[in-house]
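Here is what each chain is made of, one letter per residue.
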Amino acid sequence: MKNILMSVFCVAALVICGLLNVDAAVIDDFSDLDDTASPTWTHLNGYVNSTGQAWDASTGEYHLTAPNNGVAGIGFIGSHTGPAYSNVNVMADVVSFAGPAGAVFGVAARLNGNNAIGQLTGYAYAYEPFAASLTGEMVLYRINPGVSLTDIGSQQVTLDPNRDYTFVLDIQGTQLHGQVFEIGGGMVAEKFATDATYASGFSGLFNYSFPPVPPVDVTWDNFTTQVPEPATNLLLALSGVGVTLLGRLRRAP
C-alpha cells in the first residue's frame, strides 16, 4: 500500500511541475541583451518626477540605475512587462546591490502602470537595507497614489551583497505571500499579508532611494511570472495532502 501511494503521489508531483511550467506567462533571462522585445518592458520613471534613470540589459542581466533627484530627493526606477494579471506569482534574481545603506529594491505585482507623478499603484516585496538600524528588512508594500508606501508586513533580515537571491511575490485574491531564497541555499525570509486594495495589474521591478542613501544601482536576472490555473491550484492542494499522508505512512510501524 505504501509503495502504491508513493508512486501515485510522485506522478502527481511530476504533473504539477509540468503544469506550473506550462502556466509560465512571462520569462526573461535577458540573454537577448535588451528589454524591448520577447518580452517588452515598459519603463517607469515618473513616480517621483526624477530623471536620468537607465535600464541596461546589454550584459545579459538587467541593470537599473537612478539618481536621487525627484520629489524630496527620492530616486526611482521601475519596469513592468506582460499583460495585467490578478492572481500571479512573480520572481526574479537580484545579482548585484549595495550594502547596508543602499537603495530599496524588489519585485512588484498588480501595478497599474501609470507613469505620471504620484500615480503608480500596486504591490511590491522589497528589501530595505537601511531599515532596523542598518540590519535590513524585507517589506510587503502597498504602493499608494501620491508618492506613498504602506508597510503591510515586514521582517528583519540581512541580505549579503556578496550573495545572490531570488525574490518571490505571490498574490492570490487578497492574500500576499513574499519569500526570499538564497541562490544555492535555502529560504531566508517569508512574510504573509492580506490586502484588498488592488485587484489586478502588471508585474515587474520596483526600486527607489533617497538621501543620504546612495542612488539606485541594482542588477536583476531571470524574471518570471506564473499564473496558476484553477486545476493547478487544486493539484497543489492535493499534493500537500499527499505529502502529509506519506509522512504519516512512513512513521507508521
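Residues numbered from 1 in each chain as written. Predicted model: local features only at pLDDT ≥ 70, side-chain atom pairs only at ≥ 80, totals over all residues. Heavy atoms only, no water.

Novice: Even after reading the chapter, I still don't get the overall build of the protein chain, so can you show me in this structure?
Specialist: Summing up its helical and strand segments, the protein chain has three helices and 15 strands in all. The buried share of the protein chain, taken over its 253 residues, is 45%. Of the roughly 11,200 Å² of accessible surface on the protein chain, a fraction of 59% belongs to carbon and sulfur atoms. (Helix = DSSP H or I, 4+ residues; strand = E, 2+ residues; numbered from the N terminus. Buried < 20%, exposed > 50% of the residue type's maximum accessible area, 1.4 Å probe, protein only. Areas by Shrake-Rupley, 256 points an atom, 1.4 Å probe, with all protein chains shown as cover.)

Novice: What should I look at first to understand the pairing of strand S6 (residues 88-96) in this one?
Specialist: Moving residue by residue along a regular strand, the side chains alternate between the two faces of the sheet. Relative to strand S11 (residues 165-172), S6 runs antiparallel, the two being bridged by seven bridges. In the sheet register, Asn89 faces S11, and the bridge partner there is Asp170. Examined bridge by bridge, S6 and strand S15 (residues 216-226) share six bridges and lie antiparallel to one another. Bridge pairing in S15 links Val90 to Thr225. (Pairing = 2+ DSSP bridges.)

Novice: Where do I start with the pairing of S15 in this structure?
Specialist: Most of S15 sits out of view: nine of its 11 residues are buried. Where strand S4 (residues 62-66) lies against S15, five bridges are found, and the strand directions are antiparallel. Along S15, the bridge assignment pairs Leu64 with Val218.

Novice: Where do I start with the environment of Gly186 in this structure?
Specialist: The topology assignment puts Gly186 in the loop between strand S12 (175-182) and strand S13 (187-194). As a C-alpha pair, Gly186 and Tyr165 span 21 residues in sequence and 9.8 Å in three-dimensional space. Excluding anything up to four places from it in sequence, Gly186 contacts Val180 and Phe181. (Contact = heavy atoms within 4.5 Å.)

Novice: Help me understand the sheet that holds strand S8 (residues 122-128) in this model?
Specialist: Backbone hydrogen bonds hold the strands of a sheet together, and the pairing may be parallel or antiparallel. A sheet is described by the order of its strands in space; here seven strands give the open sequence S2-S5-S14-S7-S8-S9-S10, paired in antiparallel fashion. In this open sheet, the two edge strands, each paired with only one partner strand, are strand S2 (41-44) and strand S10 (148-156). The average angle at which neighbouring strand axes cross in this sheet is 20°, direction not considered. Alignment of strand S7 (residues 104-111) against S8, held across five bridges, turns out to be antiparallel. Within S8, the position partnered with Gly106 by the bridge is Ala126. (Axes fitted to C-alpha atoms, helices over the stretch in contact; angles between N-to-C directions.)

Novice: Where do I start with the pattern of salt bridges in this structure?
Specialist: Close approach of charged atoms lets side chains of opposite charge pair. Counting across every chain of the model gives three salt bridges. Linking Arg163 and Asp160 is a salt bridge whose minimum nitrogen-to-oxygen distance equals 3.6 Å. Owing to a relative accessible area of 27%, Asp160 belongs among the partly exposed residues under this scheme. Taking relative accessible area as the criterion, Arg163 reaches 41% and is therefore assigned partly exposed. Overlapping salt bridges bring together Asp160, Arg163 and Glu182 as one network. (Salt bridge = Lys/Arg side-chain N within 4 Å of Asp/Glu carboxyl O.)

Novice: Any chance you could explain the side chain of His177 here in plain terms?
Specialist: Residue position: His177 is located in strand S12. You can call His177 buried: its relative accessible area is 18%. Looking at His177, its side chain comes within polar contact range of the side chain of Glu190, at 2.7 Å. (Polar contact = N/O pair within 3.5 Å; in protein donor to acceptor, adjacent residues only side chain to side chain.)

Novice: Whenever I open this one, the side chain of Asp35 confuses me. Can you help?
Specialist: Secondary-structure assignment places Asp35 in the loop between strand S1 (24-28) and S2. Although Asp35 is buried, it makes no salt bridge; Arg110 carries the closest opposite charge, 23 Å away. Engagement of the side chain of Asp35 in a polar contact is seen with the side chain of His43, the distance being 2.7 Å. Excluding anything up to four places from it in sequence, Asp35 contacts Thr40, Trp41, His43, Trp55, Ala57 and Tyr62. (Lys, Arg positive; Asp, Glu negative; His and termini not counted.)

Novice: Help me understand the environment of Gly73 in this model?
Specialist: Along the chain, Gly73 falls in the loop between S4 and strand S5 (75-85). A relative accessible area of 17% means that Gly73 is categorised as buried. Separated by 24 residues in sequence, Gly73 and Asn49 have C-alpha atoms that sit 9.8 Å apart. Here Gly73 is in contact with Asn68, Ser209, Phe210 and Pro211, once residues within four sequence places are set aside.

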